Each structure stands twice: as C-alpha cells, then as structure tokens.
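The primary structure of each chain is shown beneath.
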Amino acid sequence: MRRYYRSALCILALSAACGEVERPPSGLLITLDTTNPEALSCYGAPAGWTPHLDRLANEGVLFEEARTVAPITLPAHASMFTGLTPLRHTVRRNGSMVVPPEARTLAELAREKGMRTAAFVAGVVLDSEFGLDQGFETYVDPQTPANVEEHLEASRPAGEIVEEAIAWLGGVREDEPFFLWVHFYDPHFPYKPPGDWLSKAKGDAYLAEVGAMDAALGRLLEYMEERGRFDDTFICAVADHGEGRGRNGEDTHGYFVFDTTLNVPLIVRPLTGQGSAGTRVDSPVSVVDVFPTFVNALGLGAAGDIDGVDLLAGPLAADRGVYFESYFGVVAFHWSQLAGWADAEGKFIHSSQPEFFALKADPAESTNLFGSRPELAEPYRAAVEALCARPRLEHELLDDEYLGLMGQIERLGYAGAYTDEVGAPEPLEPSTAPSPHERIQVYSDFTRARRLMVEEGDMAQAGALLARVVRSNPANHKAQFHLGMCLKDTERFVEAIAAFRAALQYRGGERIPAELNLAVCYYNVGQTGLAIDHLKSALEETVGPPGAMKLLIQLLDQAGREAEAQRYRERLRRLSST
Ligand SMILES: [Zn+2]
C-alpha cells in the first residue's frame, strides 16, 4: 500500500513539459479551508464530486491520516508556512496574533531563491496584517485596496481567487519559476454555494461549496496546462481543518479537538514523471509537514529546526506522532486548554479532564480510557513535553487599530476572535477551568444563538439561549456580551446593562464594543452621566464608529460640559479630514 519516491531530479533544473524552456520547478499550494476529507471523492465522497482534487491524488500521493495542528485557520496556515507547531510559531488564535517577522516562511525561501511569489487569499482571517504575507511579492486578500469597494464581505469565492491567480500567472515569464498559494474559503460557514451547486448536491450546502471549489480549481489547473506550467509544478492540496457538521456536538470547528475537525485531506502531486502516482499513505502526518516537503521539492535549502518532516523523503517512522491543540475555549469561554498528541495507535488530550482514546479500536473517540489506564497516555504526554522544551519565536500581537478586522472575523462565526489577553497556559499546565469536551451543550447553545443573531436576526430566541449559557458559567464574557446585544436590541436595557457589565468584569476582547453598547443602554434609561463615562472610556483607545463620538458630543452639550464637547468636536473633525 505504501510506496515512497523522491527523485533527485526535483532539485535540478528541469525541462518544462513543452520541452522548450529550461527552468527550475515551481510550487503551487492550494489550501482548502474547512474541508473534510470525506467531502472529496478520493477520500470517499460519491465518485465524480471533486474530479480535480481526485486527479491530483491519482497522479500523486494521498495521505489518509493527516491532521491539522489546530482546528483554527490562522494557526494552521502559519504551521504550513513555517513547519512549526503553534506553540513554537506562537500564533494560537485567529484575529489577534501575528506570524512573527523572524519566522522563516516558505514564501520567503522561495523568493530568496529567485522565484516569483504570489498569494490569493479568500478569507479575512488570513489578512496580510496577520503576517502570512512575508515573502510574497503579491498578496491579495479581501482587504486589499483594489478589492475593498466590491468586497465588503469578509470572504471571496474560489472563482474569483482563480481568476486573479490566472491573471497573475499570465504575467510570469516562461523562464521564471513561481511559488503560488491559492486559499479557498467556500466550505466555511456560512454556506452559500453559487449557481446550481445546491441542487447538484441534493440540498447539502456544505458539500455544494466543496464541489464549486473543486470546479474553480479545475480552471486553474487547466490554465497551467495550457501554459505548459503544470508538469513542472510541485502541487500540494491541504485543508487547514475540517468541519464538525454536528458530529461530536460540533457544527463548525475550533473549540474541540476530536478527529472530526482535526482530520484533513492532504494530497501531494510531485512533478510529472517522478512516480508515486496513486499512492495512499496511512501513517499519521500533519500540516507542519507541508513546509519541509516544499522546501525539499523546490530545492529551497535546509528546512532548519522545525517540527515537520518531508512527506516524500521515505517511510515515516513507525511511531510518528503529531501535536494538536485548541486554545479557542480558553479565550472565548474561560475553559481549559486542549492539547495533545496522536499516533497510529492512540490519542491523548490534556485538559482539566484528560482523555485517551485507543484510535485503532475506537476511531470515533467514544471511550475515554484515561480514567482506567492513565499509563497509556504517558508516552504521549512525554512527546508534548519534549515539544514544549523546544525553542519558540517571539510572540506578536496585532495593533488595536485593526478592530474593524476583528468585527469581520467575528461575523464569520468565530466567537473568540479578538482578545486583549496575552497569556496562554502551557499545553500541559494543570487547569481548574471546565474542559471544553465536558461543555458541549453550552457550546451548542452558544453557536445556535450566534446563528440566530447573524442569520435570522432573532434576538429574542438567541437571548434565551445565551441566558442559559451564562447561567452555567457567568465568566463566559463572550456569551455575556452577545446576551447584552440581544437584550439591547429587544429594548430590555436594564438587563442589557447587567450583561455588558458582566462581560466587562471578565475583561474579554469585547471591552470596547461592550462599553459603547453599555453607554447606549445607560442613555436609554436616562443615566446620561454613566453613558458619558463609558463612551469616553471606549473612545480613549479607539476612534470607534463616528456615531459614538457624535453621541458623546451631544450628551456633553446637554450636560453643559462645553469644553469637553469642544475637544471631541475637534477630534471628530481631525478624523474626518484624514
Ligand atoms: Zn479555516
């Protein structure tokens, strides 16, 4: 079943397929956001659903047991680009952390090698502000100025990404090698498949998104063939995480570390003529392996002190294990961290309620053996400890001025996107906070409430669910904040004030929006002095929406505080003139 192949040819100048132009090999990284392996035909979906990804698998190597390092977009992508696990590259969450400038990324190595580099990114979660643009001469994301007018949405469909990638490739000279990254976001919530894909997928909107994404990829591959740029391009298609789709109590992804969201499709297509066609590998591999695999395939030098291995270098060690974590619950819900290690035999998850699953006998992770046989987890714990002892990059946080970006990310359904908390517990640190896996009902109520708010605007029903969430854990500042929003929108201002005050007490990332909304509630119940206090506090650190500043000026005028009103009037004028 397993065969391995790497030809020395790949690090030499190759003849392009057309046989006319001499140039070094190129690279194409395709990241499939939120894509479950079983959504692809080559992993078991109905035949013919994803013909283009299937083709790459038929011509290359398919990894059956690939996992992400974290079921969260930015940390997972940072691992692909650096070969480091999140605790070493330090990006543990979306929305607030930046890939450190000293990281050596795939794109930087490619550019140093003289390759043309470009990235076409579909989701704002990977905006260039988060540091993945290092090494790309072109980095187009939904926030890129040329896109901003048309793209107030936080994501773009695969068809647009492909059009832009094709336009860029058209400008690459025949003798120039390139490293191109295309990021597709279509299967990410909310699912809005284009054209007739929904009916083709018999109403399964998620699967429809995957089909549409594959069709768009097909256009890119076809163009590369027309240009004679397919055969000498090393291609990897990989997801950053899967989607729960209701399995293990999780609709989307991020909070838990069951294999339902850790497992990802991972397909490598070597250069034409390098063998390996149709190989399937069942050893555990990880998205951290993407970096060294490209580095070796494209001859980019030494991979360095990293956590990944070259997937094509030969048989993987029989005891190969992979690290994973999720810190989302820590940030959003004040839950314990989840971190662990998995190999072909088992999986250990550290939290306040440790778990061990014998994966061979129990792939669904339904029987926790930790209580009865804690010794089984020891080698796994030791592997995490060894990883923790390895050197890390310096951790970087995003500046507050990007709060607008945070709001967009939150609308994509990430509860814990922005936070001003800096510290994160070590993976194996003991915790007294609840384990996320023990709080699935709370999570389910929270996500349902957020969907009711975002998709249906049903604030009353959402508020009822959120009230249940905060009863179970008043320290859940995210739920307190959104409960406040529901209560405010249904004009229950006194109760909304209590919820916003609770959110502020736990110092979550919603401090500024919580203060602004608290001010509006105080204004509505006639407590003008408190409304002024909270507006001033919020507007100290952010420019805020202009409406907030105008309300503050109006309230200061009404209160006869003319000098202060004048100062804010001048600030507003300065802001609108810049
Ligand atoms: Zn993602």
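This is a predicted model, so every value here is computed, not measured.

Draft legend 1. Inspection of the pattern of salt bridges at higher detail. Under the defined criterion, the tally for this structure stands at 30 salt bridges. Residues Arg55 and Glu225 are paired through a salt bridge, measuring 2.9 Å at the closest nitrogen-oxygen approach. Here the residue Arg55 occupies a position in helix α1 (residues 51-58), and Glu225 occupies one in helix α8 (residues 205-226), the gap between them amounting to 170 residues. Given the relative accessible area of 23%, Arg55 is considered partly exposed. According to the relative accessible area criterion, Glu225 is partly exposed, its value standing at 40%. Glu495 is the partner of Arg492 in a salt bridge, and the nearest nitrogen-oxygen pair spans 2.8 Å. Look at Glu495 and you get partly exposed, because its relative accessible area is 39%.

Draft legend 2. View of the coordination of the zinc ion. Taken together, the protein ligands of the zinc ion are Asp33 (OD), Thr73 (OG1), Asp240 (OD) and His241 (NE2), with distances of 2.0 to 2.1 Å. In this structure, the zinc ion is coordinated by four donor atoms arranged in tetrahedral fashion, with angles at the metal of 101 to 125°. Here the donor residues for the zinc ion map to a single chain with the spacing D-x39-T-x166-D-H. Here Asp240 lies in the loop between β9 (233-239) and α9 (259-262) and Thr73 lies in helix α2 (residues 73-82), a separation of 167 residues in the sequence. Among the residues examined, Asp240 registers a relative accessible area of 0% and is labelled buried.

Draft legend 3. Looking closely at the pairing of strand β12 (residues 321-326). A large share of β12 lies buried, amounting to six of its six residues. Side chains Gly321, Tyr323 and Glu325 project from β12 onto one buried face, and the interleaved Val322, Phe324 and Ser326 project onto a second face that is buried too.

Draft legend 4. Representation of the sheet that holds strand β10 (residues 263-269). Taken together, the eight strands give an open sheet; going across it, the order is β7-β6-β8-β3-β9-β10-β4-β11, and neighbouring strands pair in mixed fashion. In this open sheet, the two strands that pair with only one neighbour each are β7 (138-140) and β11 (279-286). Sheet twist, expressed as the mean angle between neighbouring strand axes with direction ignored, is 15°. Pairing analysis gives five bridges linking strand β6 (residues 116-120) to strand β8 (residues 178-184), with the strands arranged parallel. Considered in β8, the bridge of Thr117 is made with Phe179. Relative to β8, α2 is tilted by about 165°, and along the sheet it contacts β3 (26-32), β8 and β9. Relative to the sheet, helix α10 (residues 290-297) contacts β3, β8, β9 and β11, its axis offset from that of β9 by approximately 175°.

Draft legend 5. Geometry of the packing of helix α16 (residues 477-489) against helix α17 (residues 493-505). Packing of α16 against α17 leaves a shortest axis separation of 8 Å and a crossing angle of 160°. When the axis of α16 is compared with that of α17, the two are roughly antiparallel. In the packing of α16 onto α17, the handedness of the crossing is left-handed. Residue-level inspection shows His477, Gln480, Phe481, Leu483, Gly484, Met485, Leu487 and Lys488 of α16 in contact with α17, the latter providing Phe493, Glu495, Ala496, Ala499, Phe500, Ala502 and Ala503. For the contact of α16 with α17, the per-class residue count stands at ten nonpolar, three polar and two charged.

Draft legend 6. Inspection of the nonpolar core at higher detail. Counting residues in hydrophobic clusters, the biggest one holds 100 residues, and the most contacted among them are Ile30, Leu56, Phe179, Leu180, Trp181 and Phe184. Broken down by element, this core gets its largest block of residues, twelve residues, from α8. Contact partners of Trp181, with chain neighbours within four places excluded, come to Leu29, Thr31, His77, Phe81, Ala118, Ala119, Phe120, Val121, Leu126, Leu132, Phe136 and Tyr139. In this structure, Leu483, Met485, Ala499 and Leu556 belong to the second largest nonpolar core, which totals 55 residues.

Draft legend 7. View of the confidence of the model for the protein. When pLDDT is averaged across the protein, the result is 88; 89% of the residues are at 70 or more. In the model, residues 148-152 has pLDDT below 50 throughout and makes six contacts with residues more than four positions away in sequence or in other chains.

Analysis parameters
- Residues numbered from 1 in each chain as written.
- Predicted model: local features only at pLDDT ≥ 70, side-chain atom pairs only at ≥ 80, totals over all residues.
- Heavy atoms only, no water.
- Salt bridge = Lys/Arg side-chain N within 4 Å of Asp/Glu carboxyl O.
- Helix = DSSP H or I, 4+ residues; strand = E, 2+ residues; numbered from the N terminus.
- Buried < 20%, exposed > 50% of the residue type's maximum accessible area, 1.4 Å probe, protein only.
- Donors = N, O, S within 2.8 Å, 3.2 Å for Na, K, Ca; no water.
- Tetrahedral: all angles 85-135°; square planar, octahedral: opposite > 155°, others 65-115°.
- Pairing = 2+ DSSP bridges.
- Axes fitted to C-alpha atoms, helices over the stretch in contact; angles between N-to-C directions.
- Contact = heavy atoms within 4.5 Å.
- Parallel < 35°, antiparallel > 145°, perpendicular 65-115°, else oblique.
- Left-handed = near helix turned anticlockwise from the far one by under 90°.
- Nonpolar A, V, L, I, M, F, W, Y, C, P; charged D, E, K, R; others polar.
- Core = buried A, V, L, I, M, F, W, Y, C linked by side-chain atoms within 4.5 Å.
- pLDDT = per-residue confidence, 0-100.

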